[in-house]
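Examining the three-dimensional arrangement
Below are the chains, spelled out letter by letter.
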Amino acid sequence: MAVHFYIDLNCQAREDLGAEPLLGMLRDRTLAATVRQGYRDKFGDKMPESEMKFRRREVHEDGSEVENEFNVADVRERTSELDRLATICQGCPAAITGDPYSCIQSIPLPISEAGEEWLLSRIGPPDSLTGQFFRRAVEQMSYGDCDRLRDWRGAGFLKGKKPAERTDEGDERPLTSNQVLHPMLMVGDLGPSHCLSLLLFTRALTTDQGADTDEVLQIIEQVQLTQSAEEVPALRCNLQPEPADDPSVHAFKLFLNAAYRALSLEVSLAIRM
């Protein structure tokens, strides 16, 4: 199980296959590749891919389960169009890692406690501009008060029995990781302005001159007042996934990089289960 997200930039691959079928093909091919390697490690190279069978179990948010059987050969044939269209990805600004179809990424479930703690650690203190911006948004939008998140925790999609929590000096109430997960994953597709808010919440933006996110927020507010886009320096994401990252932290960094790309391209970041 995973939460999939993709930068909703149109291209020939999506026109030929459709965005949702493309996502399904990539999901199935990734799973089939993992299964194939497992069979090769156990039985060597002689077993035909048609005999490499596996079951995929899907757990829906209401707790119901569906299980289907596949084999590696069928998945390879059914997803063969991916190979033909992969060259379209070369040089695409939405290709997050530079690899074919890397405009599509995922957050594996369950989300770890370390992942929730990391998300919460990205929120600035109450005396920072971005920290104040986040706290106002929580107050105005009731972030964290989310039945769906409670269902996720009950279904085991989040490893922690409770959200990560912290209390800063000067805060009237504690902050929780639910307040960050809610605007990230619980509100549907994210438009460019929502992506910008998330990047500011998590202090994930800087400039080529090394400005911190508080300075970036000041620049954006000044631009909104003057309506002069010429005053905006080049922004970039200051978070990069590292091999040693906890898997959930690694996925969240990819998510925020995707939000930055979507913002830069003025398109949405689509969220799918």
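Now for a description of the structure that goes with this document. (Residues numbered from 1 in each chain as written. Predicted model: local features only at pLDDT ≥ 70, side-chain atom pairs only at ≥ 80, totals over all residues. Heavy atoms only, no water.)

This brings us to the overall build of the protein. The helix and strand inventory of the protein stands at eleven helices and nine strands. Over its C-alpha trace the protein gives a radius of gyration of 21 Å, about what one expects of a compact globule, namely 19 Å for 273 residues. Summarising its shape, the C-alpha atoms of the protein cover approximately 65 × 45 × 30 Å along the three principal directions. Residue burial in the protein is summarised as follows: out of 273 residues, 47% are buried. Once local pairs closer than 6 in sequence are excluded, the contacts in the protein between residues at least 24 apart make up 67%. Per element, the accessible surface of the protein, about 14200 Å² overall, is 47% carbon and sulfur. (Helix = DSSP H or I, 4+ residues; strand = E, 2+ residues; numbered from the N terminus. Rg over C-alpha atoms; globule rule 2.2 N^0.38 Å. Buried < 20%, exposed > 50% of the residue type's maximum accessible area, 1.4 Å probe, protein only. Contact = heavy atoms within 4.5 Å. Areas by Shrake-Rupley, 256 points an atom, 1.4 Å probe, with all protein chains shown as cover.)

Put simply, the second largest pocket is a space of about 220 Å³. Lining the second largest pocket, in full, are Pro-126, Arg-135, Val-138, Glu-139, Gly-170, Asp-171, Glu-172, Arg-173 and Leu-175. Each residue belonging to the lining of the second largest pocket can be placed in one class, and the counts come to three nonpolar, one polar and five charged. (1 Å grid on protein atoms, 1.4 Å probe; cavity = no way out; pocket = protein on both sides within 12 Å on 5 of 7 lines; lining within 4 Å. Points joined across faces, edges and corners; volume = space filled by probe spheres on them. Nonpolar A, V, L, I, M, F, W, Y, C, P; charged D, E, K, R; others polar.)

Buried residues dominate strand S1 (residues 2–7), accounting for six of its six residues. With burial as the criterion, each face of S1 is covered, one bearing Ala-2, His-4 and Tyr-6 and the other bearing Val-3, Phe-5 and Ile-7. Sheet topology places S1 next to strand S4 (residues 104–108); five bridges connect them, and they run antiparallel. Across the sheet, the residue bridging to Phe-5 is Gln-105, located in S4. Summarising the sheet, S1 and strand S9 (residues 269–272) pair through four bridges and their orientation is antiparallel. In the sheet register, Tyr-6 faces S9, and the bridge partner there is Ala-270. (Pairing = 2+ DSSP bridges.)

Here Leu-265 shows up in helix H11 (residues 247–265). The spatial distance from the C-alpha of Leu-265 to the C-alpha of Pro-93 is 8.1 Å, given a sequence separation of 172 residues. If sequence neighbours within four positions are ignored, Leu-265 has contacts with Ile-7, Leu-9, Pro-93 and Ala-94.

If you walk across this open sheet you meet the three strands as S4-S1-S9, and the pairing is antiparallel. At either margin of the open sheet sits one strand with a lone partner, and together these are S4 and S9. On average, each strand axis in the sheet is inclined to that of its neighbour by 20°, with strand direction left out of account. Relative to the sheet, helix H2 (residues 19–43) contacts S1, S4 and S9, its axis offset from that of S1 by approximately 130°. (Axes fitted to C-alpha atoms, helices over the stretch in contact; angles between N-to-C directions.)

Before going further, it helps to examine helix H7 (residues 147–155). All of the buried residues along H7 are Leu-149, Trp-152 and Arg-153. Seen end-on, H7 carries its buried residues on one side only, within an arc spanning 95°. In H7, those exposed residues whose orientation departs by more than 90 degrees from the buried face are Asp-147 and Gly-154. Buried residues in H7 make contact with S1, helix H5 (113–121) and helix H8 (178–185). Just past H7, the residue Gly-156 takes up positive phi, approximately 85°. (Arc of directions from axis to C-beta.)

Here Val-249 lies in helix H11. Here Val-249 falls in the buried class, since its relative accessible area comes to 7%. Spatially, the C-alpha atom of Val-249 lies 21 Å from that of Ala-155, the residues being 94 residues apart in sequence. In this structure, Val-249 is in contact with Ala-114, Gly-115 and Trp-118, ignoring residues within four places of it in sequence.

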